[in-house]
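Here is how the chains run, residue by residue.
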Amino acid sequence: MEDRLDAVFQTAALDADEEIFRFTHSPVSVQRRDPTDASFKRTLGKLSEKALLTEIWLKTPDHLSNAVVGDQGTGKSHLIKWIYRRVSEEVGGKNHIILISRHASNLRKIIELIIKDFDGDVISEIRRQIETTIDLGEGGIRKKILNDLSLTLDPRSFDDDYEYRNDEEKVLCQLLPKVLKDSGVESELLSRGEGSILANLAKHVFGNRKTIEDLNNECRWTAQDLTFDSQMIAGARSEIKGLVSAIDQDEGLKNKSLDILNKGLAQALPLLAGIKKGSLIDAFREIRRHLKSQGKSLYLFIEDVSTLQGLEGELLEIINVKHNNTDNKDIAPLFSMLGFTREFIRDNVPDNLKVRFSHILDFSYDAREIKEGFLAEFASRYLNAVRYSKKDLAKQYKSTLSDSDLKSACTACPHKEKCHEAFGVVDGRGLYPFTEKSLAHLYSFRPTEGQEGFNPRRMSDLVLKQFLDKAEPPIRAGDFPDDSLLEAIELGSDMPADRKVDLNTLRTLKHTYQE
């Protein structure tokens with residue numbers, strides 16, 4: 001049972017197996033927001049995934065840019081991947097399609113993925129620059145990060161016309177590069193482990209993303225990164241010792257230093273990946289010229305734009321270059337769908353670029369309220385899949401059409417009629433060991449983390465997988481659901497006060513199963 005749960009509920013992985021994706025997919029609808037309203041408050045009604053595919057993606061003739069917005073776990077990546085697969089089936093043979101999934105290992109690999117099928121002067125130079133970083137090793141990578149960052153902290157280094165806001169900013173911009181190059185500061189920053197700024201940047205640009213947690217990699221300087229011990233401060237060079245001590249002690253000065261460091265980081269990230277400012281824009285222009293000569297269009301799907309942090313500015317310029325403008329007749333049409341968390345699009349996308357999207361598709365707020373029967377329909381697909389072995393799922397995947405549902409595993413079960421009558425059924429898929437009411441109860445007990453609407457990951461991970469993992473022993477013992485099961489899924493009376501569920505709730509849950 002555990003092997004089947006792990007196969008179907010790939011909750012920590014960034015990419016599900018093809019057969020799992022198809023057979024657990026539930027059709028979704030999203031809220032359309034008015035793209036001319038940068039606050040995303042005006043709505044244009046709901047849109048089903050089928051309508052999005054047939055009425056927009058397969059009918060728009062020349063240019064399309066979709067922003068898919070929502071909190072983690074709400075289904076952004078799933079929708080993007082579904083549209084990508086269906087578009088690939090419909091028009092993939094005569095066009096060029098790129099999918100940058102959440103599990104794309106790092107920024108450098110993403111760039112390689114984008115340019116891998118093309119040649120040109122700019123693309124060749126990008127390849128050459130990327131190759132110079134391949135053999136640096138962990139220590140060399142971190143040193144490169146510090147060195148490249150020190151070159152971008154003073155805005156005058158890349159903008160001759162920049163005007164400092166005040167004398168304090170001027171001093172910080174000129175001295176912070178020397179702080180980073182100080183042997184004591186450098187040694188301290190290089191030695192810090194997981195979670196430090198250099199460790200996070202090394203993972204983002206050169207490392208590997210394997211789990212959902214890796215998407216939370218913080219590529220920003222924080223106050224903790226500018227906290228130093230007295231011995232290190234005492235050993236700093238005299239020219240910067242006073243500044244290092246003041247930054248460590250003065251919260252206001254530390255925040256101003258962080259602001260400069262993070263602005264410099266935005267300039268440095270493309271350099272770290274091996275490309276110069278503007279090179280990605282030029283590379284896409286080369287790609288689109290080549291595709292235009294072949295009579296092809298370019299389709300670009302990015303499940304999570306944060307995987308391209310450092311290049312998001314150029315990316316947003318790229319997707320807004322239309323081929324039918326006077327100066328762009330020589331480039332192919334571009335159709336794009338980009339996934340954003342609400343926080344990322346709020347903090348990193350200027351309002352003047354937000355309003356240039358063709359469509360804003362929102363998974364947040366009330367975009368996916370829980371309607372009657374929805375939880376049961378969603379859960380039934382996972383419950384049906386987990387009743388198959390991984391080998392049988394793969395066999396079913398190969399033998400069915402791309403839009404076909406998985407045959408119900410209940411079909412040949414001798415207990416089917418009584419089981420379906422007692423626990424419920426959706427399109428032939430039994431809900432055992434849940435009922436529609438128990439699914440709603442269990443989901444309502446899960447922590448929401450401030451999110452509204454339905455969160456598929458919370459349902460699959462914290463309800464279905466967690467419950468099934470603990471349910472087998474009491475089911476076999478004929479004592480389902482027993483108190484140990486309720487405790488295991490954090491519904492018992494011995495839980496911490498902030499997670500405790502009162503006795504009436506426990507009785508409600510048990511009564512649900514006794515109906």
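These lines cover the structure that appears in this document, whether it is placed above or below.

Criteria and cut-off values
Residues numbered from 1 in each chain as written. Predicted model: local features only at pLDDT ≥ 70, side-chain atom pairs only at ≥ 80, totals over all residues. Heavy atoms only, no water. Helix = DSSP H or I, 4+ residues; strand = E, 2+ residues; numbered from the N terminus. Buried < 20%, exposed > 50% of the residue type's maximum accessible area, 1.4 Å probe, protein only. Contact = heavy atoms within 4.5 Å. Areas by Shrake-Rupley, 256 points an atom, 1.4 Å probe, with all protein chains shown as cover. Pairing = 2+ DSSP bridges. Axes fitted to C-alpha atoms, helices over the stretch in contact; angles between N-to-C directions. Phe/Tyr/Trp six-rings, centres within 6.5 Å; stacked < 30°, edge-to-face > 60°. Lys NZ or Arg CZ within 6 Å of the ring centre and 35° of its normal. Salt bridge = Lys/Arg side-chain N within 4 Å of Asp/Glu carboxyl O. Patch = residues over 30% accessible without salt bridge, like charges linked within 9 Å, V, L, I, M, F, W, Y side chains within 5 Å. Lys, Arg positive; Asp, Glu negative; His and termini not counted. Charge placed at Lys NZ, Arg CZ, Asp CG, Glu CD. Left-handed = near helix turned anticlockwise from the far one by under 90°. Nonpolar A, V, L, I, M, F, W, Y, C, P; charged D, E, K, R; others polar.

### Side note on the overall build of the protein chain
Phase 1 of the analysis: What the protein chain contains, in helices and strands, is 24 helices and nine strands.
Phase 2 of the analysis: When burial is assessed residue by residue, the protein chain has 51% of its 515 residues classed as buried.
Phase 3 of the analysis: Taking as baseline every contact in the protein chain between residues at least 6 positions apart, the subset at least 24 positions apart corresponds to 72%.
Phase 4 of the analysis: When the accessible surface of the protein chain is split by element, carbon and sulfur atoms take 46% of a total near 24500 Å².

### Considering helix α10 (residues 197-206)
Phase 1 of the analysis: Here α10 lies mainly inside the structure; ten of its ten residues are buried.
Phase 2 of the analysis: Those residues of α10 that sit buried are I197, L198, A199, N200, L201, A202, K203, H204, V205 and F206.

### Topic: the sheet that holds strand β3 (residues 63-69)
Phase 1 of the analysis: In space, the seven strands of this open sheet follow the order β2-β1-β7-β3-β6-β5-β4, with mixed pairing throughout. Looking at the sheet topology across the chains shown, the edges are occupied by β2 (43-48) and β4 (96-100). Neighbour-to-neighbour, the strand axes of this sheet turn through a mean angle of 20°, independent of strand direction.
Phase 2 of the analysis: Packed onto the sheet, helix α14 (residues 279-293) meets β4, β5 (298-302) and β6 (334-340) and runs at close to 140° relative to β5.

### What about unusual backbone geometry?
Most peptide bonds are trans, and most residues other than glycine sit at a negative phi.
Phase 1 of the analysis: Cis rather than trans, the peptide bond between Y432 and P433 has omega equal to 5°.
Phase 2 of the analysis: Along the chain, P433 turns up in the loop between β9 (429-430) and α21 (436-445).
Phase 3 of the analysis: Non-glycine residue D427 carries a positive phi angle of around 50°.
Phase 4 of the analysis: For D427, the position within the fold is in the loop between β8 (425-426) and β9.

### Focus: the packing of aromatic side chains
Phase 1 of the analysis: Scanning all chains against the criterion turns up ten aromatic pairs.
Phase 2 of the analysis: Taking the centre distance of 5.3 Å and the plane angle of 40° together, the rings of F378 and Y382 count as tilted. With a gap of four residues between them, F378 and Y382 both fall in helix α18 (residues 374-386), about one helical turn apart. Just as F378 is buried, Y382 falls in that class too.
Phase 3 of the analysis: The interplanar angle of 40° and the centroid separation of 4.9 Å between the aromatic rings of F434 and F467 together place this pair among those described as tilted. Here F434, found in the loop between β9 and α21, pairs with F467, found in helix α22 (residues 456-477); they are 33 residues apart in sequence, far enough to count as distant. Neither F434 nor F467 differs from the other in exposure class; each is buried.
Phase 4 of the analysis: Members of the aromatic cluster, each reached through a chain of ring pairs, are W57, Y84, Y299, F301 and F335.
Phase 5 of the analysis: Just above the ring of F21 sits the side chain of R85; from NZ or CZ to the centre is 4.0 Å.

### Remarks on the pattern of salt bridges
Two side chains bearing opposite charge may form a pair once their charged atoms approach each other closely.
Phase 1 of the analysis: According to the stated counting rule, one finds 26 salt bridges in the structure shown.
Phase 2 of the analysis: Across the pair R127 and D119 runs a salt bridge whose closest N-O atoms are separated by 3.3 Å.
Phase 3 of the analysis: The partner of E239 in a salt bridge is K178, and the shortest N-O contact between them spans 2.7 Å. Pair noted here: E239 is in helix α12 (residues 238-249) and K178 is in helix α8 (residues 167-181), with a separation of 61 residues, a long-range link.
Phase 4 of the analysis: Here the salt bridges share partners, and the residues they tie into one network are E377, R381, D405, D427 and R429.

### Side note on the side chain of E169
Phase 1 of the analysis: Summarising the element assignment, E169 is placed in helix α8.
Phase 2 of the analysis: What makes E169 buried here is its relative accessible area of 6%.
Phase 3 of the analysis: Here E169 is in contact with Y162, Y164 and I260, once residues within four sequence places are set aside.

### Side note on a negative patch on the surface
Phase 1 of the analysis: Taken together, the side chains of D159, D160, D161 and E163 present a region of like negative charge at the surface.
Phase 2 of the analysis: Note on placement: D159 falls in the loop between α7 (137-150) and α8.
Phase 3 of the analysis: Given a relative accessible area of 31%, D159 falls into the partly exposed group.

### Observations regarding the packing of α14 against helix α15 (residues 312-319)
Phase 1 of the analysis: The interhelical angle for the contact between α14 and α15, taken along N-to-C directions, is 30°, at an axis separation of 9 Å. Note on packing geometry: the crossing formed by α14 with α15 is right-handed. Side by side, α14 and α15 meet where S279, L280, I281, F284 and R288 of the first sit next to E314, E317 and I318 of the second.
Phase 2 of the analysis: The class makeup of the residues in the contact of α14 with α15 is four nonpolar, one polar and three charged.

### Observations concerning the pairing of strand β7 (residues 359-362)
Phase 1 of the analysis: Of the two faces of β7, the one carrying H359 and L361 and the one carrying I360 and D362 are both buried.
Phase 2 of the analysis: With three bridges connecting them, strand β1 (residues 29-33) and β7 associate as antiparallel partners. Looking at the pairing, R33 lines up with I360 of β7.
Phase 3 of the analysis: Judged from the four bridges that link them, β3 and β7 form a sheet pairing that is parallel. Paired with N66 across the bridge in β7 is H359.

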